[in-house]
Amino acid sequence: MAAIKNMQLKIIAPEHVHEQSLPMESRRNIYLFCKEAINNAVKYSNGTLLELNIKEVENNLEFSVSDNGKGFDAVMVRRGNGLENMQKRADEIGARLTVQSKQDEGSLVSMQIKIT
C-alpha cells in the first residue's frame with residue numbers, strides 16, 4: 001500500500017514481541033486497528049514516511065502507526081475516516097486508543113493493551 005503512494009515504510013518491533021500470548025479477540029482487534037491506521041495514513045496523509053512501531057511499555061503492548069504527512073484535526077474528522085471504528089476495537093479489548101496530530105506535522109495513532 002505504501003509503495004503505491006511512494007511512502008517509505010519503517011517497522012520497529014522487538015524480536016521477543018512474538019512471545020507474547022494474547023487472546024484471539026485481542027489479536028484480531030489489534031490487526032484490524034493496524035490495518036485501518038495504515039490505510040488512513042496511506043490514503044490521507046500525503047506523507048513520505050509511514051512507521052509501524054510495536055513496543056512494551058510498563059506491562060502494556062503498544063502498537064502505533066505514524067506518518068510525516070499533512071496531519072488533521074482529530075475533532076473534525078472523528079466520524080469520517082475510521083477513528084470511531086478504531087476506538088470501538090480498543091474498547092472491545094480493554095485497550096487505550098490515543099490519537100495525536102498537528103497540521104503539517106503528521107499523525108500518530110496508537111493502541112495500548114495490558115499484557116496479562
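Scroll up a little and you will see the structure.
Heads up: these notes are all about the structure in this document. Source: prediction; values computed, not measured. (Residues numbered from 1 in each chain as written. Predicted model: local features only at pLDDT ≥ 70, side-chain atom pairs only at ≥ 80, totals over all residues. Heavy atoms only, no water.)

## Focus on the overall build of the protein
What counts, and what does not: Helix and strand definitions here come from DSSP, where helices need a minimum of 4 consecutive H or I residues and strands a minimum of 2 consecutive E residues; each element is numbered from the N-terminal end. Throughout, radius of gyration means the C-alpha value; the globule benchmark is 2.2 Å times the number of residues raised to the power 0.38. Only protein chains enter the accessibility calculation, which uses a 1.4 Å probe; a residue whose area is less than 20% of its type maximum is buried, one above 50% is exposed, and one in between is partly exposed. In this analysis, two residues are considered to be in contact whenever any of their non-hydrogen atoms come within 4.5 Å of each other. What sets the accessible areas is the Shrake-Rupley method with a 1.4 Å probe; for residues, cover comes only from the shown protein chains.
When its secondary structure is counted, the protein shows two helices and five strands. Order of helices (α) and strands (β) in the protein, N terminus to C terminus: β-α-β-β-α-β-β. In terms of C-alpha radius of gyration, the protein reaches 14 Å, essentially the compact-globule figure of 13 Å for 116 residues. Along the first, second and third principal axes, the C-alpha atoms of the protein reach 40 × 30 × 25 Å. Classification of the 116 residues of the protein by burial places 41% in the buried group. Long-range pairs, those at least 24 residues apart, make up 68% of the contacts in the protein with a sequence separation of at least 6. As displayed, the protein has an accessible area near 7,300 Å², and 49% of this comes from carbon and sulfur atoms.

## Details of the pairing of strand β1 (residues 8-12)
How we decide: Criterion used throughout: strands pair if DSSP finds at least two bridges between them. With its strands directed away from the observer, a crossover is right-handed exactly when the path from the first strand over the helix to the second travels clockwise.
By the bridge criterion, five bridges tie β1 to strand β2 (residues 49-57) in an arrangement that is parallel. Within β2, the position partnered with Lys10 by the bridge is Glu51. Following the backbone out of β1, through helix α1 (residues 24-44) and into the adjacent parallel β2, one traces a crossover that is left-handed.

## Description of helix α2 (residues 83-92)
Residues spaced three or four apart along an α-helix point in a common direction, a consequence of the helix completing one turn every 3.6 residues. What counts, and what does not: Note that the arc is computed from the directions linking the helix axis to the C-beta atoms.
When α2 is considered as a whole, its buried residues turn out to be Leu83, Met86 and Ala90. Buried residues of α2, viewed axially, fall in a sector of 60 degrees; they line one side. With respect to the buried face of α2, the exposed residues turned more than 90 degrees away are Lys88 and Asp91. Where α2 is buried, its residues contact α1, β4 (96-102) and β5 (106-114).

## Quick word on the sheet that holds β4
The strands making up a sheet are joined through hydrogen bonds of the backbone, oriented either antiparallel or parallel. Spelled out, the test is: Working convention: axes come from line fits to C-alpha atoms, limited for helices to the stretch in contact. Angles between N-to-C directions cover 0 to 180 degrees.
One open sheet holds the five strands; their spatial order is β1-β2-β3-β5-β4, and the pairing between them is mixed. Two strands bound the open sheet, and with one partner strand each, they are β1 and β4. On average, each strand axis in the sheet is inclined to that of its neighbour by 10 degrees, with strand direction left out of account. As judged from the seven bridges shared by β4 and β5, these two strands associate in the antiparallel manner. From the neighbouring strand, Gln100 faces β5, where its bridge partner is Leu108. Those strands touched by α2 are β4 and β5, and its axis lies near 150 degrees from that of β4.

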